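# Observations on the three-dimensional arrangement
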Amino acid sequence: MSSKPFPSIIVFDVNETLLDIETLTPLFARIFDDQNVMREWFAQLVLYSQTMTLSGMYTPFDKIGVGALQMIADIRQVTLTESDIDEFKERMSALPAHPDAAPALTRLRDAGFRLVTLTNSASSASPTPLEKAGLSQFFEQHFSVETVSKFKPAPETYQMVADTLDVKTSDLCLVACHLWDTIGAQAVGCRGAFLTRPYNEILSAPNVPVPDLIASDLSTLADQIIGKKGA
């Protein structure tokens, strides 16, 4: 555990951490007759985004998302229609906020923390997904990995946030419900606050960084962060 004061800048992951991807499930249930395919798709999306970065290449997150959807359809010998893909894109652009997001963000902002976002998704025209979800106003700045053409957890993504804000990575705390994200942030000197939403848990293995804070909901995590203020 670092002896430095806890960061005053909190960096939030967006997809699944703040926005609820479970609202995609009905689409997958209709297309594949199996709602669990949504999680299979999301795992492939993460896998291939990271594969592109490790291979020194870049394709926008939404394009990989559509490609992963088509790949799974091909594997399962299911025919995707243009309307299926259009519905998928529409749902992806309008994910609702988790119920605990706005109250937690309000408390953190009122406690004096600076709040920003860092997402694998490409930037988009207004209204953005966070604007549609009613969360955009809580953040002073929104960062996309498209700036460095590398997906999280590449070190350059977190360093970009620190460089743009003119601070050190140790001045940042990343909040995410994906352990691979907090691992990446901690590896470059950030603090890590892990949100154990469903389908996400700690990985117990040698040399895997343990997050500085762990909670099952954003309200509890906000309490923990506020409790660390000035510590």
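Above this text sits the structure in question.
So, here is what we can say about the structure in this document. These numbers come from a predicted model, not from an experiment.

## Things to note about the packing of helix H1 (residues 25–32) against helix H2 (residues 37–54)
The N-to-C vectors of H1 and H2 enclose an angle of 110°; their axes lie 8 Å apart at closest approach. Classed by the angle they form, the pair H1 and H2 counts as roughly perpendicular. Facing Thr25, Phe28 and Phe32 of H1, the residues of H2 in contact are Val37, Met38 and Trp41. A class-by-class count of the residues in the contact of H1 with H2 yields 5 nonpolar, 1 polar and no charged.

## Description of helix H3 (residues 61–75)
Helix length check: H3 (15 residues) gives 21 Å between terminal C-alpha atoms against 21 Å at 1.5 Å per residue, within 8%. Among the residues of H3, those classed as buried are Phe61, Ile64, Gly65, Ala68, Leu69, Ile72 and Ala73. Looking at the buried positions of H3, the neighbouring elements they touch are H1, H2 and helix H4 (82–93).

## Considerations on the pattern of salt bridges
Counted by the stated rule, this structure contains 13 salt bridges. We note a salt bridge from Arg91 to Glu87, for which the minimum N-O separation is 3.0 Å. Placement of both Arg91 and Glu87 in helix H4 is noted, with a separation of 4 residues, approximately one turn of the helix. Its relative accessible area of 25% is what places Glu87 among the partly exposed residues. Here Arg107 and Asp223 are joined by a salt bridge, their closest N and O atoms 2.4 Å apart. Of this pair, Arg107 sits in helix H5 (residues 101–110) while Asp223 sits in helix H9 (residues 218–227); the two residues are 116 residues apart in sequence, bridging distant segments of the chain. Salt bridges linked by common partners bring Arg30, Asp84, Glu87 and Arg91 together as one network.

Criteria and cut-off values
- Residues numbered from 1 in each chain as written.
- Predicted model: local features only at pLDDT ≥ 70, side-chain atom pairs only at ≥ 80, totals over all residues.
- Heavy atoms only, no water.
- Axes fitted to C-alpha atoms, helices over the stretch in contact; angles between N-to-C directions.
- Helix = DSSP H or I, 4+ residues; strand = E, 2+ residues; numbered from the N terminus.
- Parallel < 35°, antiparallel > 145°, perpendicular 65-115°, else oblique.
- Contact = heavy atoms within 4.5 Å.
- Nonpolar A, V, L, I, M, F, W, Y, C, P; charged D, E, K, R; others polar.
- Expected span 1.5 Å × (residues − 1).
- Buried < 20%, exposed > 50% of the residue type's maximum accessible area, 1.4 Å probe, protein only.
- Salt bridge = Lys/Arg side-chain N within 4 Å of Asp/Glu carboxyl O.

Geometry only, nothing functional implied.
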